[in-house]
Amino acid sequence: MKALLSLIWIVIRQERNALIRGLALSVTVLAMGVGLLGLSGWFITASAAAGMAGIGILFNVFAPSAMVRFLALGRTAARYGERLLTHDATLRALSALRIRLLQGLLTRPYRDLERLRANVLLNRITADIDALDGALLRLVIPAVSGSVVILGATIALWFLVHPMIALVVGGGYLIAPTIVFLIGQRTARRPSRQAEAALQAGRARLVDLVAGRDDLAMYGRIAAAAAHTRDAFARQAMARRRLDRIDRRTGGALDLITASVTALVLGIGAKLVQAETLTAAQAAIGVFAALALAEAIAPVRRALAEIGRMVPAARRVRSSITSEALSGVVAAPVSSGPLRLDAVSFSRGTQGAAIIKDLSLVLSEGKIMALTGPSGVGKSTVLLLAAGVLEPTCGTVKWGNTPVREFPPKARVLVPQRSALIAGSIADNLRIAAPEASDDSLWSALETTCLAETIRARGGLESRLGFRGTGLSGGETRRLALARALLCRPALLLLDEPTEGLDDATAGRVMANLRLTLPDAAILMASHKAVEIAAADHVLPMDRAH
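Just so we're clear, the structure is a prediction, and the values are computed from it rather than from any experiment. (Residues numbered from 1 in each chain as written. Predicted model: local features only at pLDDT ≥ 70, side-chain atom pairs only at ≥ 80, totals over all residues. Heavy atoms only, no water.)

### What about the packing of aromatic side chains?
The following threshold applies: By convention, a stacked pair of Phe, Tyr or Trp rings (six-membered ring in the case of Trp) has centres within 6.5 Å and planes under 30 degrees apart, an edge-to-face pair has planes over 60 apart, and any other such pair is tilted. Whether a charge lies above a ring is judged from NZ of Lys or CZ of Arg, which has to be within 6 Å of the ring centre and within 35 degrees of the ring normal.
A complete count under the given rule lists zero aromatic pairs for this structure. For the cation-ring pair, R456 lies above W443, with the distance from its terminal atom to the ring centre recorded as 4.5 Å.

This is the structure in structure tokens:
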């Protein structure tokens, strides 16, 4: 609950003025509703009493009827303004919160990001943030405005009607619904959490089913994967049915509170009228105000259905968002190299075995260095250290005199073994790195990676790729990612087996073109292939815990 309250406070601070105006309008709506029904009850009762007393001709019907019309029209206008202000402010605040969530995720350790599945990330960014829109709209604003109006109505009834009636209305509507909410949210928490977890699992499985349908069909697992997906949605439906039962019981309890308070007010009012302490018209104000205040406690029912998904969503979001932009590290201006690793060691965790131990290297601008050695010796880890996405356990990684993490991101580009592509055109995938790049620049990058002819044969830059870039072979995917990296014109280019999957002739042309395209760049690559090693100016053999 602390995480939810913390996020609510963040949203309130960000959209303070709009939310204050929206809250004022929400109070106005409820107050006008209570005033409208109370005045109408008084008007009808007073008119009937005047008629029975034979003085109806002297009764002024114009002032109360005009007030009834004013309250009815004013309530409609205030409701529209309240919806407009609160929803607009909430959506703006959640959009900013979603950006902060993305920024926070991007600053997490690289190994954590590697383990974060795309569908899980998508659900967190969308569903978790969407779950929080009800925190203000269906929890905070209704609770505050309802409490204010109930207190205001209690004070008004104290002076206009009778203190006893005021105490019954105030106590009944402030205490009893709070008890219902506290009991109900404890009861609804588990099924609400289960419904949300099952929904997210179903969505993730559905994404996996669509993305892997070809492989699943090949191995005859389509039916099993579909049943697995249906099972998640069935569990979500079962949890929703439990929530519906709780919702109906809560609604019944709130209706019973309204009926009980109204009946008590009616009974007390009748006795006071018989005792000639009150007039019938005054007693009617209390009865109709009690009926009208049912609107102030109605949001309790909706909040209970969503509190269970709000709280875990708030915990996940709160743990990931940042208070500052990205990492708080200001990128240093591009300076001259070389890339220098001095006595660098790296291990996973405090007790993990060393993957890299006392590694030192110097790579000058305009030079290529190949890291060689068997798989698992840490070549890819060295690239991650040089890119600044991993922190060395000890030692330093610098570009010139600047720590590599402060080096501008676009000046240090890493092309890993498995690069991410998106569904869209070839141009869309390339312009991720350089949104303003011209078509000529895109074709030049494709020519450098010996991919231009393949792309022309597919239909050019506007040819489409499928989900996660499907439609290209492994070697073509790798070269498209390399072409995208070249558009950044990096000073430091880090490559993990860049020509894997290519024949030696094509691989040789790609390596030669790289040197021509980036003559001043320092290029560090992990390599197994002889053609890549032959293109390097320096070769650094590595063994375990180098």
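### Description of the confidence of the model for the protein
This is how it is decided: On a scale of 0 to 100, pLDDT captures the predictor's confidence in every residue. Secondary structure counts use DSSP, requiring at least four H or I residues in a row for a helix and at least two E residues in a row for a strand, with both numbered from the N terminus. By the convention used here, residues are in contact when the closest approach between their heavy atoms is within 4.5 Å.
Overall, the prediction assigns the protein a mean pLDDT of 83, with 90% of residues at 70 or greater. Mean pLDDT values over the elements of the protein span from 65, in helix α4 (residues 110-115), up to 92, in strand β10 (residues 522-526). Low confidence marks residues 323-332, where pLDDT is under 50. Its contacts with residues over four positions away, or in another chain, come to 16 contacts.

### Side note on the sheet that holds strand β6 (residues 412-415)
Heads up, the rule is: When DSSP finds two or more bridges between a pair of strands, those strands are recorded as paired. Helix axes use the C-alpha atoms of the stretch in contact, all axes being lines fitted to C-alpha atoms, and the angles between their N-to-C directions lie in the range 0 to 180 degrees.
Reading across from one edge, β6-β9-β10-β3-β11 is the order of the five strands in this open sheet, with parallel pairing throughout. Strands at the two margins of the open sheet, each flanked by one partner only, are β6 and β11 (538-541). Each adjacent strand pair in this sheet contributes to an overall mean axis angle of 15 degrees, direction not counted. Looking at chain direction, strand β3 (residues 368-372) and β11 are connected through four bridges and run parallel. By the bridge assignment, L371 is partnered in β11 with L540.

### Section: the packing of helix α15 (residues 439-448) against helix α17 (residues 474-486)
So the rule is basically this: When an angle is under 35 degrees it counts as roughly parallel; over 145 it counts as roughly antiparallel; between 65 and 115 it counts as roughly perpendicular; any other value is oblique. Helix crossings get a hand from a simple test, with the near helix turned counterclockwise from the far one by less than a right angle marking a left-handed crossing and a clockwise turn marking a right-handed one. When residue character is reported, Ala, Val, Leu, Ile, Met, Phe, Trp, Tyr, Cys and Pro are called nonpolar, Asp, Glu, Lys and Arg charged, and the others, Gly included, polar.
At a minimum axis distance of 9 Å, the contact between α15 and α17 shows a crossing angle of 130 degrees. As judged from the angle between their axes, α15 and α17 are oblique. In the packing of α15 onto α17, the handedness of the crossing is right-handed. Contact with α15, carried on its side by A445, L446 and T448, involves L480, A483 and L486 of α17 and no other residues of that element. Grouping the constituent residues of the contact of α15 with α17 by class yields five nonpolar, one polar and no charged.

### Here's the deal with the pairing of β10
Heads up, the condition is: Think of it in three bands: residues with accessible area under 20% of the maximum for their type are buried, residues over 50% are exposed, and the middle band is partly exposed, with areas taken using a 1.4 Å probe on protein chains only. Consider the strands pointing away from the viewer: the crossover is right-handed when the path from the first strand over the helix to the second runs clockwise.
For β10, a buried count of five out of five residues is recorded, marking the element as mostly surrounded by other parts of the structure. Burial along β10 is two-sided: A522, L524 and A526 facing one way and I523 and M525 facing the other are all buried. Examined bridge by bridge, β3 and β10 share four bridges and lie parallel to one another. Residue pairing for β10: L371 is matched across the bridge by A526. The sheet contact formed by strand β9 (residues 492-496) and β10 spans five bridges and is parallel. Paired with D496 across the bridge in β10 is A526. Read from β9 through helix α18 (residues 504-517) to β10, the crossover connection turns out right-handed.

### Some details on α15
Taken together, the buried positions of α15 are occupied by L442, W443, A445, L446 and T448. On its buried face, α15 is in contact with α14 (426-430), α16 (452-458), α17 and α18.

### Thoughts on the state of the cysteines
A covalent bond bridging the sulfur atoms of two cysteines is what the word disulfide describes. To keep things clear, this is the line we draw: To count as a disulfide, a pair of cysteine sulfur atoms needs to be within 2.5 Å.
Tallied over the entire structure, the rule returns zero disulfides. Not engaged in a disulfide, the cysteine C450 finds its nearest cysteine sulfur in C488; these two sulfurs lie 20 Å apart.

### Considerations on the nonpolar core
Convention followed: Throughout, nonpolar core names a set of buried Ala, Val, Leu, Ile, Met, Phe, Trp, Tyr and Cys residues whose side chains join them through atoms within 4.5 Å.
Counting residues in hydrophobic clusters, the biggest one holds 59 residues, and the most contacted among them are L4, V169 and Y173. When near neighbours in sequence (up to four residues on either side) are disregarded, Y173 contacts I150, I257, T258, V261, T262, A290, L291, L293, A294 and I297. Counting 32 residues, the second largest nonpolar core, distinct from the first, contains L384, L390, W399 and M542.

### Some remarks on the sheet that holds strand β2 (residues 354-363)
Judged by pairing direction, the sheet is antiparallel, and its four strands sit side by side in the order β2-β1-β4-β5 without closing on themselves. Both edges of this open sheet fall to β2 and β5 (402-403), since each of them pairs with a single strand only. Bridging between strand β4 (residues 394-399) and β5 involves two bridges; their strand directions are antiparallel. Pairing of K398 across the sheet is with P403, part of β5.

### Considerations on the pattern of salt bridges
For clarity, the cut-off: Here, a salt bridge means any Lys or Arg side-chain nitrogen found within 4 Å of an Asp or Glu carboxyl oxygen.
Under the criterion given, the structure shown has twelve salt bridges. In this structure, R92 engages E15 in a salt bridge whose closest nitrogen and oxygen atoms are separated by 2.6 Å. Taken together, the residues R92 in helix α3 (residues 62-106) and E15 in the loop between α1 (2-14) and α2 (16-52) connect sequence positions 77 residues apart. Judged by its relative accessible area of 37%, R92 is partly exposed. By relative accessible area, which is 11% here, E15 ends up buried. In this structure, E295 and R79 form a salt bridge, with 2.9 Å as the shortest nitrogen-oxygen distance.

### Side note on α1
Rules: What a helix should span is 1.5 Å times the count of its residues minus one. It is the directions from the helix axis to the C-beta atoms that the arc portrays.
For α1, spanning 13 residues, the distance from its first C-alpha to its last is 19 Å, which sits close to the expected 18 Å at 1.5 Å a residue. Of all the positions in α1, only A3, L4, L7, I8, I10 and V11 are classed as buried. Mapping the buried residues of α1 onto a view down its axis gives an arc of 155 degrees, with all of them on the same face. Seen from the buried face of α1, the exposed residues on the opposite side, beyond 90 degrees, are K2 and L5.

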